[in-house]
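Structural overview for review
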2 protein chains.
Amino acid sequence: MKKVTINSVATYAGVSKKTVSRVLNNEPNVSPATREKVLKVFKELDYTPNPIARGLARNRSFIIGCLYDNPSKSYITRVQSGALEACHKHNYNLLIHPCELRGEALIENIEHLLTTSRLDGMVLTPPFSDSQELIAFLKRKKIHFARVASAIEDKDSISVRSNDEQGAFEITEHLIKLGHTSIAFIKGHPDHSATEQRFSGYQRALTVHNIEFDSELVAEGNFSYHSGADSAKEILDLQPTPSAVFASNDYMAAAVLKLATQRQLQVPKDISIAGFDNAPIARHIWPGLTTIAQPVEEMTRQAVEQLILQISDEQTSVYQATLEAKLITRESTAKHLVDD
Amino acid sequence: MKKVTINSVATYAGVSKKTVSRVLNNEPNVSPATREKVLKVFKELDYTPNPIARGLARNRSFIIGCLYDNPSKSYITRVQSGALEACHKHNYNLLIHPCELRGEALIENIEHLLTTSRLDGMVLTPPFSDSQELIAFLKRKKIHFARVASAIEDKDSISVRSNDEQGAFEITEHLIKLGHTSIAFIKGHPDHSATEQRFSGYQRALTVHNIEFDSELVAEGNFSYHSGADSAKEILDLQPTPSAVFASNDYMAAAVLKLATQRQLQVPKDISIAGFDNAPIARHIWPGLTTIAQPVEEMTRQAVEQLILQISDEQTSVYQATLEAKLITRESTAKHLVDD
DNA sequence: CCACATTCTGACACCGGTGTCATAATGTGG
DNA sequence: CCACATTATGACACCGGTGTCAGAATGTGG
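All residue numbers here refer to positions counted from 1 along the written sequence of the relevant chain. For this description, chains carry letters from A and ligands carry numbers from 1, given in the order in which they are written. In keeping with the predicted nature of the model, local features appear solely for residues at pLDDT of at least 70, side-chain atom pairs appear and are counted solely at 80 or more, and the whole-chain, interface and lining totals rest on all residues. Side-chain figures throughout are based on the complete set of non-hydrogen atoms in the structure, without hydrogens or water.

**A short note on unusual backbone geometry**
In this chain, A:Q239 is followed by A:P240 through a cis amide linkage whose omega measures -5°. Its place among the elements puts A:P240 in the loop between α10 (225-236) and β8 (244-247). Cis geometry is found at the peptide bond from B:W286 to B:P287, where omega equals -5°. Helix and strand definitions here come from DSSP, where helices need a minimum of 4 consecutive H or I residues and strands a minimum of 2 consecutive E residues; each element is numbered from the N-terminal end. With respect to the element layout, B:P287 can be found in the loop between α12 (281-284) and β10 (291-293).

Written out as structure tokens, the structure is:
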């Protein structure tokens, strides 16, 4: 059985390639009779147009690439979900490409990706959205891209972020208002700009409420559950034990909760725990985690949507937006009861 | 600035297109001098070959599509991770395509996907790996595909699964050996063949150990945390309360654990809980969940690898494998203490 | 130095569509 | 019924690479 191409359809229907192409793309100026005839042949021959040939002619692949390097799986899932929503709305598809930020191999890796698959645009998620090197490379190669949750400024490229510093400030303030003064903090991955921002929101809240910053209370994490478990151990071993812990994401907060529970500490009676992101795990555990809802899906959705508009030349101005992060209180934080 | 194509490179280097193409693909029979010259021009002009044109000529896209419709996000993450490993090893890329199994729109949806992006092959994850309709469609369209975790037999297509029935049998037997006789069960999504298999393993263990099956103890879930929460309520409201619960996946088990803890039940002292999959959440909560480790990544990795071999014509026989599921005991299950 | 094998190289068709433009068919008003 | 506008259709080049094959350049043995 021979492959069915536009030529076979044309011959079979007794029309030219171009007319078949017109029917294919719902172009005007085709008589109803001809259109019917061609459509019938489509069915008869079970014809599927070749997207590659079409892509070559139009210089489009209708594929967006999503770049990530993130220890938090749920973050990636949410990113994908937002990106897919925008892609499918505009008949685009999503290609995923995890890779490592570190090492000079990055540019080489992306270059190889572009040699392998033509991408109409790329979504950069943290930490790539902050990589000046990558941004410069993509500009040089004239690849459209959009940045998600980036801290750096770049007037020329699409960027959608949320206000992490403010979110961290609010959740810290929430703990302070509950009477906590000894609040431990677990940092995120040093390559991610969110890490610095959340830390700085934490510090600002302390300052505003006249609580002295104590570097002893700060542990280094990297957004993974595992790193949270290590930090949790550090923090819970402190004497005196802090009365509250604010972890830079929910995975690490969950790790603190697990260790605390293992050690017979009651949360939140003995110790309050707060996270960040509002990842699914925050409501899958007991007690549920007080956290900051970061609109990951929405950020990505907007970023990809704007990216597609830019690719289609329907948007000339560069979209830049900051979405709000919102405090969600659950059972893991409560009033600090002073020990008798 | 004009676009850099193979023609510009050829002209600039003073050779033919074909010679440039040879250098590009590391083909033999190019004199070292010529090769050097062309490579230098690549750099000078910052040339990136156009993957679409290449794809058209070779009739290849080097893209694999991954189809899924699964309420468990972590399952998808694991699938992707295994698929990506195989793809990158062979210089392929992965395009993800979530869509709904139900409704006649499925075939239309896939047809549209194939019209939009040329895919060299597709990985079908549950519940698609069990869809006869989809399998027939892909065969008709002569699209290569591999099935992951499917229960149905199809001699013509690649399939990698794990032994769910046996896994469910073992974990149920584990509970029985701990002295439990009243073991509740939460079913998975009815569209997934794993649901039936796990249920049947549970029943077989009861039979083998002379425990009467009680349909009162069976709740209907759908693999989502939310459905697990509903089932948990049903089960914990039973009088007398069962002494153990086996949920068809870890998310639902986590939901049971959460509700039990909320109700002041001690796990595993008052009630034992077991899950399935060994999802990350199984070890992120306290007590950790006893579960069956299903090699999701490995299944998908093997499936995609074989798929790529088949696409490349390096493999003519159809690979079919069943991997072992393994019992992992954690803190959520313990000896049943008879109430005094 | 010649006959022959081997290594390089390029001309050209082709992959399967789309864009441009000329021309054929049809419609409309006077 | 004609002049003209409008709609419908097809011829052909083109997108940017790869495959085939012929011919040129070079190497080898006698």
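**Some words on the protein's contact with DNA strand D**
For this description, a residue counts as near a given molecule or strand if any of its non-hydrogen atoms is within 4 Å of it. A:T19, A:R22, A:T34, B:I6 and B:S21 are the nearest of the 27 residues found near DNA strand D. If you look at DNA strand D and keep only atoms within 4 Å of the protein, 61% of those are sugar or phosphate atoms. In this structure, A:R22 approaches DNA strand D through a side-chain N or O atom, which is 2.6 Å from a base oxygen. B:Y47 is positioned with one of its side-chain polar atoms (N or O) 3.0 Å from a phosphate oxygen of DNA strand D. The nonpolar class holds Ala, Val, Leu, Ile, Met, Phe, Trp, Tyr, Cys and Pro. Asp, Glu, Lys and Arg form the charged class, and all remaining residues, Gly among them, are polar. Grouping the constituent residues of the surface near DNA strand D by class yields 10 nonpolar, 10 polar and seven charged. Within 3.5 Å is the distance limit for a polar contact, defined as a pair of N or O atoms, with the added protein rule that one can donate a hydrogen and the other accept it, and that residues adjacent in sequence qualify only through two side-chain atoms.

**What about helix α7 (residues 132-140) of chain A?**
All names here are of chain A. Throughout this description, buried means an accessible area under 20% of the type-specific maximum (1.4 Å probe, protein chains only), exposed means over 50%, and partly exposed covers the range between. Of all the positions in α7, only L134, I135, F137 and L138 are classed as buried. Across the axial projection of α7, the buried residues extend over an arc of 160°, all falling on one side. Residues of α7 that are buried make contact with β1 (63-68), α6 (105-116), β3 (121-124) and β4 (144-148). Once α7 ends, the next one or two residues include K142, with phi positive near 55°. Think of the arc as the fan of directions from the helix axis to the C-beta atoms. Contact between two residues is taken to exist if any of their heavy atoms lie within 4.5 Å; hydrogens are not considered.

**Description of the pattern of salt bridges**
When a carboxyl oxygen of Asp or Glu lies within 4 Å of a side-chain nitrogen of Lys or Arg, that pair is called a salt bridge. Counted under the stated rule, the structure contains 37 salt bridges over all chains. Close ionic contact of B:R78 with B:E297 constitutes a salt bridge, the shortest N to O distance being 3.1 Å. Here B:E297 lies in helix α13 (residues 296-311) and B:R78 lies in helix α5 (residues 73-89), a separation of 219 residues in the sequence. When the shortest N-O distance is used, the salt bridge between B:D154 and B:K139 registers 3.0 Å. Taken together, the positions of B:D154 in the loop between β4 (144-148) and β5 (158-162) and B:K139 in helix α7 (residues 132-140) put the pair 15 residues apart, joining distant regions of the chain. B:D154 gets classed as buried once you look at its relative accessible area, which sits at 11%. For B:K139, a relative accessible area of 33% puts it in the partly exposed group. One salt-bridge network, held together by shared partners, links A:D46, B:E111, B:R140 and B:K141.

**Comments concerning the interface of chain B and chain A**
Listed per partner, the contact involves 53 residues of chain B and 53 residues of chain A. What counts as buried area is the accessible surface, traced by a 1.4 Å probe, that two parts surrender upon association, with contributions from both included. Between chain B and chain A, roughly 4600 Å² of surface is buried when both sides are summed, and carbon and sulfur atoms account for 62% of that area. Ranking the residues of chain B by area buried against chain A places B:I52, B:H284 and B:W286 at the top, with a combined share of 15%. Across the salt bridge formed by B:R140 and A:D46, the nearest N and O atoms sit 2.5 Å from each other. Our enumeration of links across chain B and chain A arrives at 20 residue pairs in polar contact (both at pLDDT 80 or more). For the side of chain B that touches chain A, the secondary structure elements donating two or more residues are α4 (51-58), β1 (63-68), α5, β2 (93-98), α6 (105-116), α11 (250-262) and α12 of chain B.

**Focus on the packing of helix α10 (residues 225-236) of chain B against α11(B)**
Residues and elements named next belong to chain B. Where α10 meets α11, the axes come as close as 7 Å, and the angle between the chain directions of the two elements is 50°. In terms of their interaxial angle, α10 and α11 are classed as oblique. Viewed along their axes, α10 and α11 form a crossing whose handedness is right-handed. Residues Y225, S227, G228, A229, A232, K233 and L236 of α10 form the contact with α11, whose participating residues are Y251, M252, A254, A255, V256, K258, L259 and A260. What counts as an axis is a line fitted to C-alpha atoms, over the stretch in contact for a helix, and the angles between N-to-C directions run from 0 to 180 degrees. Working definition: roughly parallel below 35 degrees, roughly antiparallel above 145 degrees, roughly perpendicular at 65 to 115 degrees, and oblique for all remaining angles. Helix crossings get a hand from a simple test, with the near helix turned counterclockwise from the far one by less than a right angle marking a left-handed crossing and a clockwise turn marking a right-handed one.

**Structural notes on the sheet that holds β4(A)**
The strand order across the open sheet built from 12 strands is β11(A)-β5(A)-β4(A)-β3(A)-β1(A)-β2(A)-β2(B)-β1(B)-β3(B)-β4(B)-β5(B)-β11(B), with neighbouring strands paired in mixed fashion. Each of the sheet's edge strands pairs with one partner strand only, and the pair in question is β11 (320-323) of chain A together with β11 (320-323) of chain B. The mean inter-strand angle of the sheet, taken between neighbouring strand axes irrespective of direction, is 20°. One ladder, built from four bridges, connects β5(B) with β11(B); its direction is parallel. Among the inter-strand pairings, B:V160 is bridged to a residue of β11(B), identified as B:A321. Any two strands between which DSSP finds at least two bridges are classified as paired.

**As for the side chain of A:S157**
Residues and elements named next belong to chain A. Structurally, S157 is set in the loop between β4 and β5 (158-162). Within polar-contact distance, the side chain of S157 engages the side chain of R147 at 3.0 Å. Here D154 takes part through its side chain, which lies 2.6 Å from a polar atom of the side chain of S157. For S157, the contacting residues outside a window of four places in its chain are F145, R147, V318, Y319 and Q320.

**Brief notes about the UniProt feature "domain: HTH lacI-type" (unreviewed entry) in chain A**
The UniProt record marks residues 4-58 of chain A with the feature "domain: HTH lacI-type" (unreviewed entry), using the residue numbering of this structure. Split by type, residues 4-58 of chain A is 69% helix and 0% strand. Its first and last C-alpha atoms lie 21 Å apart. UniProt positions are given in the numbering used here, feature names are shortened, and annotations may be inferred rather than shown by experiment.

**Focus on the packing of aromatic side chains**
All names here are of chain B. Whether two aromatic rings pair depends on their centres lying within 6.5 Å, for rings of Phe, Tyr and Trp, where Trp uses its six-membered ring; planes under 30 degrees apart make the pair stacked, over 60 edge-to-face, and the rest tilted. The full count for this structure, using the stated rule, is 16 aromatic pairs over all chains. Residues F199 and Y202 carry aromatic rings whose centres are separated by 6.2 Å and whose planes lie at 20° to one another, so their mutual orientation is stacked. Of this pair, F199 and Y202 both sit in helix α9 (residues 193-208), separated by three residues, roughly a single helical turn. In this structure, F199 and Y202 share a single accessibility class: buried. A centroid spacing of 5.9 Å and a plane angle of 65° characterise the contact between F199 and F213, whose relative ring orientation is edge-to-face. Of the two residues, F199 sits in helix α9 while F213 sits in the loop between α9 and β7 (218-219), which places them 14 residues apart along the sequence.

**Let's talk about the state of the cysteines**
Disulfides are defined as cysteine sulfur pairs within 2.5 Å. For the structure shown, the criterion picks out zero disulfides over all chains. Free of any disulfide, A:C87 has its nearest cysteine sulfur in A:C66, 8.8 Å distant. Note on A:C87: relative accessible area 0%, which makes it buried. In this model B:C99 remains outside any disulfide bridge; the closest cysteine sulfur is found in B:C66, 10 Å from its own.

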